[in-house]
Each structure stands twice: as structure tokens, then as C-alpha cells.
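Residue-level structure breakdown
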Amino acid sequence: MKQLIPALAISFIAALSAQSAQAALFHPKTHTLANGMEIVVIEDHRAPVVAHMVWYKVGAADEPPGKSGIAHFLEHLLFKGTEKVPSGQFSKIVARNGGRDNAFTSYDYTGYYQNVAKDKLDLVMGLEADRMVNLKLTTADVITERAVILEERRSRTDNNPAAQMREAMNAAQYMAHPYGIPVIGWKHEMEKLELADAVSFYRRYYAPNNAVLIVAGDVEASAVFAMAERHYGPLERAQTPPRRRPQEPPQLAARRVIFKDARVTQADWRRGYLAPTRTAGERQHAIPLSMFADLLGGGSTSRLYQALVVEGKVAASAGAYYSATGLDMGRFVLYATPSPGVSVAVLETAMDKALAAALKDGFTGKALERSRTGLLAAAVYARDNLFTSPRIFGDALTSGLSVEEVEAWPNEVRVVTMEQIMAAGRSVLVPRRSVTGLLLPAGGEGK
Amino acid sequence: MMVPAMRTLALALVLCLPLAAHATKIQSVRSPGGITAWLVQERTIPLLSINFSFAGGATLDDPARKGTGNMASVLLDEGAGPYNSLAFQTKLEELAVRMSFSADRNSFSGNMRTLTANRDAAFELLRLALNEPRFEAEAVERMRRQIITGLIEDKEDPNTIGGRLWFKTAFPGHPYGPSSKGSVETVTAITSDDLRGFLVKALARDRLTIGVVGDISADELGPLLDRTFGALVPGADFKPVPEIMPQGAGVLKVVQRDIPQSRVIFGGPGLKRNDPDWYAAYVLNYVLGGGGFSSRLNEEVREKRGLAYSVYSYLYPLDHAAIHMGGVGTQNGRVADALKVIMAQLALARDKGITAVELANAKQFLNGSFPLRLTSSGRIARLLLAIQRENLGIDYLDRRADLINGVTLDAVARVAKRLLQPDNLLIVVVGKPVGLTSRE
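Only a predicted model underlies this, so the values are computations on that prediction, with no experimental measurement involved. (Residues numbered from 1 in each chain as written. Chains lettered and ligands numbered in written order. Predicted model: local features only at pLDDT ≥ 70, side-chain atom pairs only at ≥ 80, totals over all residues.)

Each helix and strand counted, chain A has 17 helices and 12 strands in total. Computed over the C-alpha atoms, the radius of gyration of chain A is 22 Å, within 12% of the 22 Å expected from 2.2 N^0.38 for a compact globule of 447 residues. Across the 447 residues of chain A, 59% fall into the buried class. (Helix = DSSP H or I, 4+ residues; strand = E, 2+ residues; numbered from the N terminus. Rg over C-alpha atoms; globule rule 2.2 N^0.38 Å. Buried ≥ 20, exposed ≤ 12 C-beta atoms within 10 Å, placed from the backbone.)

Rendered as C-alpha cells:
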């Protein structure tokens, strides 16, 4: 319930989604109800349990101006009541039936899940279908729950200078697109969110034609389709608006964000570059770019770790990450923490040098094959956890990808060439599209 | 990320073993060389997970060099046998083997995951890591920098500040007092000899427990166990860890930090895992603060009053101490109110116990949700370890539902009087709380 997935988690899931799907691995079975609700079933008979998820194609980036946080706030409010389920009872009913439930909000999606014994699937499907259209909210619900999300913001962001710095960097990265607004919302806007805001957002976006049902576990797909027809089939379509967000203009100026704060004990450095995804911008670069990220900064054999941490000793940690999934333009991120006694300025100079060398000289063929091996193995490991594949499909299908595109991923990874990888890196890692962020103790670098 | 709010809860669940009857078949495998492991064979996916632990862990650290076990744990895959750090890491990548180690108050633990195709080579890397780590100066200094940087970063995290002060106050002069990661001072002092000395003491076969899940048979596993663990010392002398009760009853410590939300950690004596009232306490804690969105604390603090995003309690049984802990995060101006509500709930449960409906609901959840823990090979392997470590018996999965169903209202009421002592809690608050001041 009611948990938020901030940017880092999103990119982790997306990275995983980039790494994990293949028809021969998950064997998803799909169906679409007459009212437009998409269904994906992944059969896994190892344990007598099932993950039931509904993902809505709406997230924080779809919020009206000035109403930041409403997508996430509504996610919390979905645990209040309906005609059939008294306020506050949803999670208790699930728990009484041996289930665990929760929900999460990101820029491109809002998701709800119940993990239950397989004989409880019918029950939770009924509950989820009910609250898709029958939510009943009161002003009292809204006032109390608004206090909760404000505490959530304090826990995650306001109490944490590193999170505040990332929030400021994100805002600088996106000059026009709502990805620059935090998923949880700006505090001053959250404080003013009201019942009517939640209700209008709910009516606009919560409908079967805007939702994806994903079921994974000890089930037969045909039985799930029939059950879904019973619970979700009778629900009516809504006139859901197309997802057209303000897009970024050409980014022409490198930006710097410097966050100095008395609470900071450890300096930190990071840089984001506006980057294409599999569905936005120069899409052909997306998969090669995820391999570029792995080679540049994916682990301890990577170029950045070797140059900055092992050889230069200027950093205690260093790396890069990138997510190829996202409805609109995403980010490619470099990060490093200076070694004790090393200034951020020295660290940044070393980072720029290592980056320039990587962009100029490229990587060895052996390194590329190791990276490819790791990515393809991740696809096998992903099958081991029942809850991984539903996350991958949910993320992808609410971010503009199709089941087929998800499944094509391993085959695409197999044929990516060094030329494509370098072309992607050189095209994306240009200073003009970047934001560099420095987290510093109040007194300066504290050298 | 989802982790912060749920981390402590997950820890408690792992330690507390809420198991339920299930068809998972556990075999006890004894290798030709006499090493025992529990195995769940699962051929569906071509991979396996092995989890193991050596009792003792960070309690074996020299107090002046606290963090030795933790530092050793991050160095095992940084060069071993014929491979230097880069060569070892390169091997792991080529084989797509995942390996990690850690040291905490109970044990030194490790886990490895490998695809079936690379199984033998993966176990060989694990053997080298455990038996022939190189501790080369470059890797040692690099890991020291990484750990120290993390320790400095911890000093800005209210949750870590509060947790460390709680343990320091509860266990003065005891190995449980300081963090297993040590401090900047103690980690700076650690030498390669300390690291080697630690491993000789810590990795002894008489304190080894192993769980394996995945695509491997008992016959295939036996020889791999001998090769990997057979050359470790059979046993080693070490100073026994004294039993200890958490200290600081009734103490409130306020750590002033300029943050908008106060972070509270509270706790006192709990129950050991082998206590006859364990299951009653487990049910009680579920109802009070362990049951996520269904708990009384969540209902009173979050749902009714909007005083927090996260409020919880959990049982934390260690090998030589038992703790019942909880926490909440509330804006500075209302944190005193949140604490008052929590203390009132503890007192209410102490005086009146729980209701028959709550007891029934708790049983349904604790039994019904158990199979959700059998959803990855790594999770099952951790479960196998925990059952062995707590001596619960290889048939435990079959008996667990009855143990929980056997809990009565009277037993819960009895254990509530023992467990819940709101006036005797040790409380740490980090922030700028209004209306709360330290009391010794």
C-alpha cells in the first residue's frame, strides 16, 4: 500500500526488464477483454501461489499542472472503501486470507498487487475489480491520508539531503517534461490536494481500457482469462485521454546543481544525460546504450570502476546506469563518491578524463562478450523469482512497449555490435544534454 | 525504493520463521567427507542457490578492530587462489556467477547463485574465496575506502544514527553494542593479519550450516560440499559471547538533528527463538505492530491519525540476547503524540491481551501467507538455513501450522504481560522533537 517507487527503483526494474524477457523464458499468454483490458499470464507451478497485479497506464507524469503528487495520493486512497468494502478493510481482508498486498506509483504507471495462495485469486480479483470503478472517498479519508503522504515525503526526501539533491537534479534535467517533478509531489502542492482532485483523476484514468492485468503463478491461463471476464469484463470503458506530455526542447546548455547542506557528512557526485528509450527519441540507440552503460560503469570490471576506484584511487565507488524503458525521454546517469581526502573537483576531472577515453577508444571485444553473457544470464535468473516477470511486463506494457518487444530483447542483445554501442554512447553522452550534481557539506568540500 | 520502510520487517520475518505446512521436500545431505547440507531439489529452472553461515560472525571481532569480519566479507571475492581481484571478478562475470558474503551479530554468511551449465566452475570460485583469499594491499585499501566512506555517509542517516545509539546503549561493553561494520577509527586500524586471523576463527566447520535449492541432486551436491568446505578448520577456539539482557530501561535519548521528521527507535527485552512462549509472542507482535497494514499500531498511528508513513514492531532474537523493537517517523511537532499513542497501545495489549477475532485473523495470515516465501530459490535456501540454525527440525514445515494454531488467548495474554513494558523501553529519537527531552 501506498508505497512509492522513486527514480532509482524505477530504473532498477526497468534495467531488469531490459535484461530479462524472452518468449522462451517466460512463455506469457495474452488476451484482451472486449472492454479493452489487456491480460498477461505467466504460468509457474513451483509453489501453490499467485501474484495478481493491475497496472494502470497513468503515473505522476500524467498529472494536471499544480497537482503534483495526485497520482501517488490516489494510489494511497484506493485502500479506503467502496460500497462493498468498508473503509480501511481492503488490506485487512487480503491479510485475513493469507495474502500480502501493496501498491506503487511511478512516472508512467500506478500498480496494485496481491500475492496470495492460488485458491484466493478469485477473491482478490473481485476486490480489485470493485475498486477500479466503485471507490467511495470522504473528506476525512483525504485529510488523514494527506498527512500520511506528507510524512512519507519527509521520510524519503526532506530528511535526506542526498534525496533532495537528486530531486533538484531531476528538476534541472527536464526543462519542460513532467519527469522533472517528483513522483511524490512538491510539498506545497501536496498540502493543497483535495478530495475533488483525487476523484477527477480517478474517474479519468481508472478504467479497464487503461489497465493491464498480470497474473503469475500456479494457474492455467485459460482459467485466468475466464475469471477475468467475470470480474473485469462487466466494467465499462472510460474516455481516457491520450498520453501526450510536454516534450523537451533541444537541450543546449550543460547545467550544474550544487547542494550544500550542514547535514551532509559525505560528498557525492553524479551526472545525468537526457537519453532515448525503446519508445522515445532515437530508439535505435536504446539497447546498445544499455550495453554501453554496463561496459562503462556496470560493475567492478567496468571502465569507470577500474579507472577511478582501482587505478586512480580518487573514488570509493563509481559507475553508470541507464534504463531502456520509459514512455518519454529517459536518463543515463554517472555517479561517483570521492575517496576520503579527495575533493569533488579532482574526482570530476578524473571522471571526465575516463569518460573521454572510453568514448574515444571504446572497449575490448572480450569485455563486450562478458557483458552480453551477463545480460543473457540475468534473463534466466529473472525466472527464479515468481514476482519478477509480472514486474517486467507491467513496466513494459505501461511504458509503450508490447509483449513481443519485451520478448525480442535477448535476441536484440545477441546481435548488438561494438559499432552500435559506441554510436549510442557518443550520441547520448554530450555535455549539452547533461546536469552535473554536487552534494557537499555546508563548509565546502571538507577536503 | 521499497526497501527502507520494509527492511526491518523483512528481517524479523526471516528470523522468526513463520512457516506453514507445504509440500516442499527437504533432504538432509551428508557428503562423503561428513559435511551436512539441507537440499530442496527443483529442476524447473537450470540454476541453483546455495546459502551458508558460520555462527559467531561479527562477535568474533577484536573490539578495537570492530568491523574485521565485515571487511573480510567484502574481500573474499576480491582476489583468491591464482586470481587477483580483477581476474577473479572477470571470472565471475564470464560465468555469470553471483556471490556475496556478510558478517552480522549472529553469523558470517555467504551465498552463491549459478546456472547449471557453470556449476563446477562456480563452486571452484567459491572454494577459492573461502579457502585462499589473497587480501592484497590494493584490494584491502580499496575496500577500506569504500567502507569508511559508507560509515561517514551513515552519519547523516537518522535511522542509522538512531539504531546505532540504541544498540550501544542497550549492550554496553558487549559485542552486540557496536555496529558490525565498526567505526572509522576501528576500520582504519584493521590489518591484513587481522583479516586472516578472523577467517581462521570464523570459518570453522563445526559452526557451518548450509542450505541448497535448485537444479542439483544429493549425489551431485555431496562431492561439491567436500571440495568447497572440506579444507576449512574442523573447529576453532574463541571467546564465548556472554548472554545479555538489553539495558537502558526507561531511558530516552534525543539526538538533535536539523531535520523535519523525528525518527524514533524503541525497544526492550524480547523472547529467544526457543522460548516456550515464542509462538504466542509471535502472534501478539503480529497483532500489535508486525502485521503491516493490519496491525494495531498502523491502525492507530497511521490510518486514524495520519501520524506516520511507517510504524512497526518486530521480535529480534539473537543467539545471546532477545529484543522486541519498533520504530516510527513523525514530524517534529507531533512525534510526542505519536509516541503517546504507541505507548498506550502497548499498555492496552499488556492489560487486555488481544481479541478472539484478532487471534483468528493472525493465525489465518501467518499460516496462509507462508507459501509466499517459497517463491525463489534464494528465499527457500535462506529458510533452510534458518530452520537448521534454530534447531527446529527437518519436519518443521509440516508442524509449523499446528504450532501457530495451538496459540491460545490465555497464552497471548500471559506473554503480553511479560513482553510489553512501555515504561521500561529504551527509546532513541533523532531529529528536533517538540516536547521530548532526554531522560536517563
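What follows continues from the structure just given.
All names here are of chain A. Each assigned domain of chain A is listed here: domain 1 (33–231) and domain 2 (255–441). Here domain 1 and domain 2 have C-alpha centroids that lie 29 Å from each other. The partner domain 2 presents 27 residues to the 26 residues of domain 1 that form the contact. For the side of domain 1 that touches domain 2, the secondary structure elements donating two or more residues are strand 3 (38–43), strand 4 (49–56), helix 7 (161–173) and strand 7 (211–217). Examining the composition of the side of domain 1 that touches domain 2, we find that 8 residues originate from one element, helix 7, more than from any other. Its residues assigned to classes, the side of domain 1 that touches domain 2 comprises 17 nonpolar, 5 polar and 4 charged. (Domains from an automatic or database assignment. Contact = placed C-beta atoms within 7 Å. Nonpolar A, V, L, I, M, F, W, Y, C, P; charged D, E, K, R; others polar.)

Residue and element names in this part refer to chain B. Judged by how many residues are buried, strand 9 (residues 311–317) sits mostly within the fold: 6 of 7 residues are covered. Judged from the 7 bridges that link them, strand 9 and strand 10 (residues 322–331) form a sheet pairing that is antiparallel. In the strand pairing of strand 10, Y316 is matched with I323. Counted between consecutive antiparallel strands, the loop separating strand 9 from strand 10 contains 4 residues. (Pairing = 2+ DSSP bridges.)

As a further point, take the nonpolar core. In summary, soluble globular proteins display a tendency toward joint burial of nonpolar side chains. Residues A:L213, A:L289, A:L308, B:V212, B:V283 and B:L284 are the most contacted members of the largest nonpolar core, which totals 267 residues. If one sorts the elements of this core by residue count, helix 10 (residues 278–290) of chain B sits on top with 10 residues. Leaving out residues up to four positions away in the same chain, B:L284 has contacts with B:A349, B:I354, B:V412, B:V415, B:A416 and B:L419. (Core = buried A, V, L, I, M, F, W, Y, C linked by C-beta atoms within 7 Å.)

With that out of the way, let us pick up the pairing of strand 7 of chain A. Residue and element names in this part refer to chain A. Across the 7 residues that make up strand 7, a large majority, 7, are buried. Of the two faces of strand 7, the one holding A211, L213, V215 and G217 and the one holding V212, I214 and A216 are both buried throughout. As defined by bridge partners, strand 3 adjoins strand 7 across 6 bridges and the pair is classed as parallel. For V40, the partnering residue across the bridge sits in strand 7 and is I214. Bridge count for strand 4 against strand 7 is 7 bridges, and the pairing is antiparallel. Bridge pairing links H52 to V215 in strand 7.

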